[in-house]
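Here are the chains, one letter per residue:
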Amino acid sequence: MARKNPITVPEGATEVLLHACCAPCSSAIVEWMLANGIRPVIFYFNPNIYPHEEYETRKNESKRHADSLGVEWIDGDYDHRRWLDAVGGLEHEPERGARCLQCFRMRLRPTLFQEFPAK
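Note that the coordinates shown come from a computational prediction; the quantities given were computed from them, not determined experimentally. (Residues numbered from 1 in each chain as written. Predicted model: local features only at pLDDT ≥ 70, side-chain atom pairs only at ≥ 80, totals over all residues. Heavy atoms only, no water.)

Next up on the list: the pairing of strand β2 (residues 39-44). Most of β2 sits inside the fold, with five of its six residues counted as buried. Pairing between strand β1 (residues 15-20) and β2: six bridges, direction parallel. The partner of A20 across the bridge, within β2, is Y44. Handedness of the crossover joining β1 and β2 through helix α1 (residues 23-35): right-handed. Taken together, β2, helix α2 (residues 52-69) and strand β3 (residues 73-75) form a β-α-β motif whose crossover is right-handed. (Buried < 20%, exposed > 50% of the residue type's maximum accessible area, 1.4 Å probe, protein only. Helix = DSSP H or I, 4+ residues; strand = E, 2+ residues; numbered from the N terminus. Pairing = 2+ DSSP bridges. Right-handed = clockwise from strand over helix to strand, strands pointing away.)

Laid out in structure tokens, this is it:
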């Protein structure tokens with residue numbers, strides 16, 4: 001079994017904006033951060049989830065998890081049409097291919113514009 005590299009906390013880091021697509025994907029790292037003195041702010045944004053009801057189910061669970069830990073949580077806008085436009089023409093690309101890269105770009109770009117409140 002391959003040994004995983006330990007997570008290294010950057011010097012002086014106490015907060016991080018964490019882009020999350022659902023509670024199961026982010027729960028372990030959120031809990032690790034809290035246990036290691038890092039305060040995550042969860043930015044929930046995943047417009048590739050369809051149908052909208054499934055998106056809402058995942059969003060609500062992410063929010064519930066954040067609230068249970070006292071973690072700030074930011075709701076990104078759901079715009080599935082924009083996501084479809086962003087990955088249009090790449091529907092037949094293999095998993096981890098060009099479609100995934102475009103999806104990551106589309107979903108991470110809004111993360112750049114989230115800001116922590118001034119201290």
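Take the layout of surface pockets next. Within this model, the largest pocket holds a volume of roughly 190 Å³. Here the lining of the largest pocket gets five residues from one element, more than from any other, and that element is helix α4 (residues 98-108). For the lining of the largest pocket, the per-class residue count stands at five nonpolar, one polar and four charged. (1 Å grid on protein atoms, 1.4 Å probe; cavity = no way out; pocket = protein on both sides within 12 Å on 5 of 7 lines; lining within 4 Å. Points joined across faces, edges and corners; volume = space filled by probe spheres on them. Nonpolar A, V, L, I, M, F, W, Y, C, P; charged D, E, K, R; others polar.)

Next up on the list: the sheet that holds β3. Paired through their backbone hydrogen bonds, the strands of a sheet run either parallel or antiparallel. One open sheet accounts for three strands, arranged β1-β2-β3; its pairing is parallel. Strand pairing shows two members of the sheet lacking a second neighbour, β1 and β3, which therefore form its edges. Going from strand to strand, the sheet's axes swing by 20 degrees on average, the running direction of each strand aside. Bridge count for β2 against β3 is three bridges, and the pairing is parallel. What sits directly across from Y44, in β3, is D75. Contacting β2 and β3, α2 crosses the sheet at an angle of about 165 degrees to β2. (Axes fitted to C-alpha atoms, helices over the stretch in contact; angles between N-to-C directions. Contact = heavy atoms within 4.5 Å.)

None of this, on its own, says anything about what the molecule does.
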